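A structural walkthrough
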Amino acid sequence: MSKLRSIPGMKTVTEKAALLYAVFEDEDTPKWVKAAIVTALIYLINPADAVPDVIPGVGYGDDVAVLLAALGTIKAYIESHHHDRAREILNKL
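I will try to describe carefully the structure that is included in this document.

We now examine the overall build of the chain. Per the secondary structure count, the chain includes 5 helices and 0 strands. The helix and strand sequence of the chain, counted from the amino end, reads α-α-α-α-α. Taking all 93 residues of the chain together, 33% fall into the buried category. When contacts within the chain are restricted to residue pairs at least 6 apart in sequence, those whose partners lie at least 24 apart make up 63%. Working note: accessible area of the chain is about 5,800 Å², and carbon and sulfur atoms make up 61% of it.

The following block contains the structure:
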């Protein structure tokens, strides 16, 4: 994880992705919310995105934008226990 943290923008990406995953794994999360989360996370891991991730400083900008858009779309379904779970996930990395 320390190697990932050295990549510009990676801390934000991992925090947002962990939060999305925490909401996704909640059995009470509606299916349409899970579909939005899966779409955002697939974009994150897809190497062929709008801005190549290898470009220092801006490579993860589009990924962050997609994650933020997904979080904005599902914000009504994000609860405090999801933030707690996201921190647990990140602490395990």
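Read on for the rest.
A few words on the packing of aromatic side chains. In this description, a pair of aromatic rings is defined by centroid distance and the angle of the planes. Scanning the entire structure with this criterion turns up 2 aromatic pairs. Judged by centre distance (5.7 Å) and plane angle (85°), the ring pair of tryptophan 32 and tyrosine 77 falls under edge-to-face. You can see tryptophan 32 sitting in helix H3 (residues 31-45) and its partner tyrosine 77 sitting in the loop between helix H4 (61-74) and helix H5 (80-92), a full 45 residues away along the chain.

Before going further, it helps to spend a moment on the nonpolar core. By size, the foremost hydrophobic cluster in this structure holds 23 residues, and its most contacted members are Val13, Leu20, Ile37, Leu41, Leu67 and Ile74. Secondary-structure elements contributing two or more residues to this core are helix H2 (10-24), H3, H4 and H5. At 8 residues, the largest contribution of residues to this core is made by H2. Discounting residues that sit within four places of it in the chain, leucine 20 has contacts with Ile37, Ala40, Leu41, Leu67, Ala70, Leu71 and Ile74.

Before going further, it helps to examine the pattern of salt bridges. Applying the stated criterion across every chain yields a total of 4 salt bridges. The shortest N-O distance in the salt bridge between lysine 11 and glutamate 15 comes to 3.8 Å. Note that lysine 11 and glutamate 15 are positioned in helix H2 at a spacing of 4 residues, about one turn of the helix. Assessed through its relative accessible area of 55%, lysine 11 is described here as exposed. Among the ionic contacts, a cluster of salt bridges with common partners joins Glu25, Arg85 and Glu88.

A word on the side chain of aspartate 26. Examined against the element boundaries, aspartate 26 turns out to sit in the loop between H2 and H3. Of the side chains with opposite charge, lysine 34 comes closest to the buried, unpaired aspartate 26, at an N-O distance of 6.9 Å. Looking at aspartate 26, its side chain comes within polar contact range of the side chain of histidine 82, at 2.8 Å. With sequence-adjacent residues up to four places away left out, aspartate 26 is seen in contact with Lys34, His81 and His82.

Cut-off values and rules
Residues numbered from 1 in each chain as written. Predicted model: local features only at pLDDT ≥ 70, side-chain atom pairs only at ≥ 80, totals over all residues. Heavy atoms only, no water. Helix = DSSP H or I, 4+ residues; strand = E, 2+ residues; numbered from the N terminus. Buried < 20%, exposed > 50% of the residue type's maximum accessible area, 1.4 Å probe, protein only. Contact = heavy atoms within 4.5 Å. Areas by Shrake-Rupley, 256 points an atom, 1.4 Å probe, with all protein chains shown as cover. Phe/Tyr/Trp six-rings, centres within 6.5 Å; stacked < 30°, edge-to-face > 60°. Core = buried A, V, L, I, M, F, W, Y, C linked by side-chain atoms within 4.5 Å. Salt bridge = Lys/Arg side-chain N within 4 Å of Asp/Glu carboxyl O. Lys, Arg positive; Asp, Glu negative; His and termini not counted. Polar contact = N/O pair within 3.5 Å; in protein donor to acceptor, adjacent residues only side chain to side chain.

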